[in-house]
Each structure stands twice: as structure tokens, then as C-alpha cells.
Amino acid sequence: MSSSSKLVLYSYWQSSCAWRVRFALNLKGLAYEYRSVNLRKGEQFSPEFKKLNPLCFVPVLVDGDIVVSDSFAILLYLNEKYPQNALLPSDPQLRALNLQASNIVSSSMQPLIMQSILKYIEDKFGPAERQLWVRHNTEKGFQALEKLLKDYAGTYATGEEVYMADVFLAPQTAVAEMRFNIDMSKFPTLNGIYKSCKDLPEFQASVPERQPDAEL
């Protein structure tokens, strides 16, 4: 991996948003320091972390004097600052497709099934309603992504190279399958993309259970 000791990633092992950034850093071959922010213990609300991200979310990337929060912004920053192993293709159509797929995950899926949202729903309406909410919003997003990518996907989301769409899709698919028991066989294109990503060493190194703060 490239020596870049100034890169620091504030992460939590179970955060799918932080998982995306770990995957992307590995794909780019960038070394980084992992700093755990335990969301269950409320460490994201500490004064120190609030200085980095007033929204109190992980991930946060620190690159020297530059601080970037939000996984979408971090990936765009990494792609500009460290151009090796590009996360976006040069073809304008495929580039737009990657951004669109990434944004569906980032803004139309993951925020609706954050643990704080799910806890609120369960407290108000019970565990059955919580699961219905997860299933509805996850499958709605996957249905859109399946239609969007089915005519463009190859080994990966938009062909034979790993790009940003894969970086967003693979962790989200893993969470849907393992944490929420979503049947991915209903989404064959997405399921194929996920299986391809699972074979990548860069993905395997980014999985939650291999992080230093993992609680197994």
C-alpha cells in the first residue's frame, strides 16, 4: 500500500458508511490510521469528535489539515486527491451511472435504516413494524438499482472494473442480507455484483469483523 501516514479514518466497525470508505481506501492502496468511534457508547457526541463532524456521524477522514465527513464526499475527495485506481470511469455515461447508483444508496436507502431511526420506530410501533420499514425501504432501493444497472453490469456494477457504485452497493447488500435477512435472489444483478466484490481482497480486508474495534 502507498505510504500516506497523514490519512486518518474515524470509523466504527458496524457502520456501512465507514465500510464504504475502508473499501475505497483499500482499492486505492492507501494506508491509513484507524481510529474507532464507538457509536454504541456515544463517543460520536464527544466534544473532540464534534469538532470534526458537528453532525456526529462516522466516517470522517483527516488528510493533514483537511477534514472530510460523509462517505460520498470522502470518496469524491479521494478520487481527486489520489487518482490511482480511479473510483469513477472516464466515460461520461458510466460516470453518471456510478454517481446515480451511489447516491441512491447514500441518500435514499441507508439514511432510512440508520440504527437511530430503527430504534425510534421500534420504540413507537414495535419490532414487527421496524422490520416492515426496513424491508420496504431496502427493497424499494434495490428494485431501482436493479433496473438502473441490469443493462450495464458485467462482473461489477458498470462493467469489468470496480468503481464507486460497487463501493456503495457491496456493503449495503451485505447489511441487507446478513443483518436484515433480505432475500437477494430477487435482485440477480445486484447479487452478482456483490458476489464479485466479496472475492476481492480489498473488500475482504474492509469487512466489519476484521476491524480493530470489532466486537465478536
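So, here's what we can say about the structure. Remember, predicted model here, so these are calculated numbers, not experimental data.

**With respect to the pairing of strand E2 (residues 33-36)**
Here is step 1: Relative to E2, strand E1 (residues 7-11) runs parallel, the two sharing four bridges. Bridge assignment links Tyr10 to a residue of E2, and that residue is Arg35.
Here is step 2: As for the winding sense of the linkage, the β-α-β connection from E1 through helix H1 (residues 16-27) to E2 is right-handed.

**Here's the deal with the layout of surface pockets**
Here is step 1: Size it by volume and the largest pocket reaches roughly 910 Å³.
Here is step 2: Taken together, 30 residues line the largest pocket, and the ones lying closest to its centre are Leu39, Phe57, Gln110, Met114 and Gln115.
Here is step 3: Residue composition of the lining of the largest pocket, by class: 13 nonpolar, 12 polar and five charged.
Here is step 4: Summarising the domain contributions, the lining of the largest pocket has at least three residues from each of domain 1 (7-86) and domain 2 (92-202).
Here is step 5: In this structure, the second largest pocket spans a volume of roughly 170 Å³.
Here is step 6: It is helix H7 (residues 164-178) that contributes the most residues to the lining of the second largest pocket, three residues altogether.
Here is step 7: Classifying every residue of the lining of the second largest pocket gives seven nonpolar, one polar and two charged.

**Comments concerning the packing of H1 against H7**
Here is step 1: Running from N to C, H1 and H7 cross one another at 135°; their axes reach a closest spacing of 9 Å. By the angle between their axes, H1 is oblique relative to H7. Considering only the axes of H1 and H7, their crossing is right-handed. Where H1 approaches H7, its residues Ser16, Trp19, Arg20, Phe23, Ala24 and Leu27 are matched on the opposing element by Asp166, Val167, Phe168, Ala170, Pro171, Gln172, Ala174, Val175 and Met178.
Here is step 2: The residue makeup of the contact of H1 with H7, split by class, is 11 nonpolar, two polar and two charged.

What counts as what
Residues numbered from 1 in each chain as written. Predicted model: local features only at pLDDT ≥ 70, side-chain atom pairs only at ≥ 80, totals over all residues. Heavy atoms only, no water. Pairing = 2+ DSSP bridges. Helix = DSSP H or I, 4+ residues; strand = E, 2+ residues; numbered from the N terminus. Right-handed = clockwise from strand over helix to strand, strands pointing away. 1 Å grid on protein atoms, 1.4 Å probe; cavity = no way out; pocket = protein on both sides within 12 Å on 5 of 7 lines; lining within 4 Å. Points joined across faces, edges and corners; volume = space filled by probe spheres on them. Nonpolar A, V, L, I, M, F, W, Y, C, P; charged D, E, K, R; others polar. Domains from an automatic or database assignment. Axes fitted to C-alpha atoms, helices over the stretch in contact; angles between N-to-C directions. Parallel < 35°, antiparallel > 145°, perpendicular 65-115°, else oblique. Left-handed = near helix turned anticlockwise from the far one by under 90°. Contact = heavy atoms within 4.5 Å.

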